[in-house]
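Residues per chain are reported as follows:
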Amino acid sequence: MTIVQVIGHDIWSPTRFARNGDVQLAYDRFGTGHGTPLLLLMGLAMSRFWWPDGLCRALADEGFDVVRFDQRDTGESTRFGASERRVSWASLFGGGSVPYTAEDVVDDAAAVLDAVGWDRAVALGHSQGGVVAQRFALRYPERTLGLVSCDAPPSDAAGLTALRHLRYGLIARQSTARHPRTREGDVASALAVARAMASPAYPVDEAAARARIERGLDCGPRDMRAMGRQLRAVWHGPRLREVRTPTLVVHGAADPLVRTTAARATARAIPGARLVVLDDVGHDLPPVVWPTLARQVRGLVPA
């Protein structure tokens, strides 16, 4: 018997797997599978379940066929080392070899398109997923219907250039937090991150966040080592000025992690990009932004 996830009138398909060489990539599809193809790319070491169902519903209502997937080293997709709950935050940015490149990460997204049967799609990424979406538009311009980069640094930024776009207060607070090395400790840690990413104007819905977090932990462990590998995967490809696809850059004005300078730099670099700054919104996607974001993406790529 086929089992699907049902939330109200919303249906996620059974989990399926795409392949990029030896890498397996877990993905699922929202609703009936009709409309303009749209691929969701979540942020650093976050499973696909961090995408709010309400946002996916809003996108589907605007005529998009929505697919989300776990990037490598995340969720149910292939891992590249033993998982570790706690490492120093400094080690995330430090040395050490990474067994894949940023190009490999982008190729994973193309493999998901192949598995779904799409020639092209809108690439919508949040945070580090926005960086991957930017690079997808650069590496696969012929497969990119549109690019939507949310709360993300510009993919051109590296080293000190990238660091200037970050706010360090949140990173410092999270680096000193301590939680038990248990499943409930993992939930508590992730909830603390969710709270910190939200703005005072739109605090996190803790019940909804806990449900997403627990669903993700059912599929894969919290893994700080994986976060470090994803951060250090090196990009050798083109720069943002070479993007030629319709582009929307979205950023929360109250983002506590990534400064709005990042969004402005991305929008300046990409010819014709449109910048939307959302008042009072943090480094997350609260319900208040769902209709606006869905309409903006629909305007970017008319049906």
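What counts, and where the lines are drawn
Residues numbered from 1 in each chain as written. Predicted model: local features only at pLDDT ≥ 70, side-chain atom pairs only at ≥ 80, totals over all residues. Heavy atoms only, no water. Helix = DSSP H or I, 4+ residues; strand = E, 2+ residues; numbered from the N terminus. Buried < 20%, exposed > 50% of the residue type's maximum accessible area, 1.4 Å probe, protein only. Axes fitted to C-alpha atoms, helices over the stretch in contact; angles between N-to-C directions. Parallel < 35°, antiparallel > 145°, perpendicular 65-115°, else oblique. Contact = heavy atoms within 4.5 Å. Nonpolar A, V, L, I, M, F, W, Y, C, P; charged D, E, K, R; others polar. Expected span 1.5 Å × (residues − 1). Polar contact = N/O pair within 3.5 Å; in protein donor to acceptor, adjacent residues only side chain to side chain. Salt bridge = Lys/Arg side-chain N within 4 Å of Asp/Glu carboxyl O. Core = buried A, V, L, I, M, F, W, Y, C linked by side-chain atoms within 4.5 Å. Phe/Tyr/Trp six-rings, centres within 6.5 Å; stacked < 30°, edge-to-face > 60°. Lys NZ or Arg CZ within 6 Å of the ring centre and 35° of its normal. Pairing = 2+ DSSP bridges. Right-handed = clockwise from strand over helix to strand, strands pointing away.

### A word on the environment of aspartate 22
Argument step 1. By the secondary structure assignment, aspartate 22 is in the loop between strand E3 (16-20) and strand E4 (23-29).
Argument step 2. The exposed category is assigned to aspartate 22, whose relative accessible area is 72%.
Argument step 3. Taking the C-alpha atoms as reference, aspartate 22 lies 8.5 Å from threonine 78; in sequence the two are 56 residues apart.

### Concerning the packing of helix H3 (residues 102-116) against helix H4 (residues 128-139)
Argument step 1. As a packed pair, H3 and H4 sit with axes 9 Å apart at the nearest point and diverge in direction by 80°. Considering the angle they form, H3 stands roughly perpendicular to H4. Judged by residue contacts, Ala102, Glu103, Val105, Val106, Asp107, Ala109, Ala110 and Leu113 of H3 engage Val132, Arg135, Phe136 and Arg139 from H4.
Argument step 2. The residue makeup of the contact of H3 with H4, split by class, is eight nonpolar, no polar and four charged.

### Comments concerning H3
Argument step 1. Counted at 1.5 Å a residue, the expected span for H3 with its 15 residues is 21 Å, and the 22 Å between its end C-alpha atoms agrees.
Argument step 2. For H3, the set of buried residues is Ala102, Glu103, Val105, Val106, Asp107, Asp108, Ala109, Ala110, Ala111, Val112, Leu113 and Val116.
Argument step 3. With a side-chain oxygen positioned 3.3 Å from the backbone nitrogen of glutamate 103, the residue opening H3 is threonine 101.
Argument step 4. One or two steps after H3, the chain reaches glycine 117, where phi turns positive at roughly 95°.

### Re the pattern of salt bridges
Argument step 1. Summed over all chains, the structure comprises 14 salt bridges.
Argument step 2. The residue aspartate 108 makes a salt bridge to arginine 72 at a minimum N-O spacing of 2.6 Å. In this pair, aspartate 108 sits in helix H3 while arginine 72 sits in the loop between strand E6 (64-69) and helix H2 (89-93), placing the two residues 36 residues apart along the sequence.
Argument step 3. Judged by relative accessible area, aspartate 108 falls into the buried class, the value being 1%.
Argument step 4. The shortest N-O distance in the salt bridge between arginine 183 and aspartate 218 comes to 3.0 Å. You can see arginine 183 sitting in helix H7 (residues 183-197) and its partner aspartate 218 sitting in helix H8 (residues 206-219), a full 35 residues away along the chain.
Argument step 5. By relative accessible area, which is 38% here, arginine 183 ends up partly exposed.

### A closer look at the nonpolar core
Argument step 1. Judged by nonpolar contacts, the single largest core of 40 residues is most densely connected at Leu59, Leu124, Val148 and Val297.
Argument step 2. When neighbours within four sequence positions are excluded, valine 148 is seen to be in contact with Val122, Ala123, Leu124, Gly125, Ala133, Leu248, Leu293, Val297 and Leu300.
Argument step 3. Counting residues in hydrophobic clusters, the runner-up holds 33 residues, among them Val67, Ala111, Leu147 and Leu240.

### Points about the packing of aromatic side chains
Argument step 1. Taken as a whole and judged by the stated rule, the model has three aromatic pairs.
Argument step 2. Each ring, one from tryptophan 12 and one from phenylalanine 30, has its centre 4.9 Å from the other, and the planes form 75°; the classification is edge-to-face. With tryptophan 12 in strand E2 (residues 10-12) and phenylalanine 30 in the loop between E4 and strand E5 (36-41), this residue pair connects regions lying 18 residues apart in the sequence.
Argument step 3. Sitting above the plane of the phenylalanine 64 ring, arginine 298 keeps its charged end 4.1 Å from the centroid.

### Remarks on the pairing of strand E10 (residues 274-278)
Argument step 1. Of the pairings in the sheet, the one linking strand E9 (residues 247-252) to E10 comprises five bridges and is parallel in character. Following the sheet pairing, valine 249 is matched in E10 by leucine 275.
Argument step 2. Regarding topology, helix H10 (residues 260-269) serves as the crossover connection from E9 to the parallel E10, and that connection is right-handed.

### Here we look at the sheet that holds E3
Argument step 1. The mixed open sheet is built from eight strands, whose spatial order is E3-E4-E6-E5-E7-E8-E9-E10. At either end of the open sheet lies a strand with only one pairing partner, and these are E3 and E10. Adjacent strand axes in the sheet meet at a mean angle of 25°, parallel and antiparallel pairs treated alike.
Argument step 2. Bridge analysis of E3 against E4 gives five bridges, and the strand direction is antiparallel. For phenylalanine 17, the partnering residue across the bridge sits in E4 and is alanine 26.
Argument step 3. Those strands touched by helix H11 (residues 290-300) are E5, E6, strand E7 (121-126), strand E8 (144-150), E9 and E10, and its axis lies near 150° from that of E8.

### Examining the side chain of glutamine 71
Argument step 1. One can find glutamine 71 in the loop between E6 and H2.
Argument step 2. Here the side chain of glutamine 71 touches methionine 42 through a polar contact of 2.9 Å, landing on its backbone oxygen.
Argument step 3. Apart from the residues within four sequence positions on either side, glutamine 71 is in contact with Leu25, Leu41, Met42, Ser77, Val105, Gly129 and Val132.

### Let's talk about the environment of aspartate 108
Argument step 1. Spatially, the C-alpha atoms of aspartate 108 and glutamine 71 are 7.3 Å apart, while their sequence positions differ by 37 residues.
Argument step 2. Residues in contact with aspartate 108, not counting those within four places in the same chain, are Asn20, Val23, Leu25 and Arg72.

### Digging into unusual backbone geometry
Argument step 1. Despite not being glycine, aspartate 151 has its phi angle at roughly 50°, a positive value.
Argument step 2. With respect to the secondary-structure elements, aspartate 151 resides in the loop between E8 and helix H5 (160-163).
Argument step 3. For aspartate 280, which is not a glycine, the phi torsion comes out positive at approximately 65°.
Argument step 4. By the element assignment, aspartate 280 lies in the loop between E10 and H11.
Argument step 5. A residue is classified by how much of its surface remains accessible, and aspartate 280, at 44% relative accessible area, is partly exposed.

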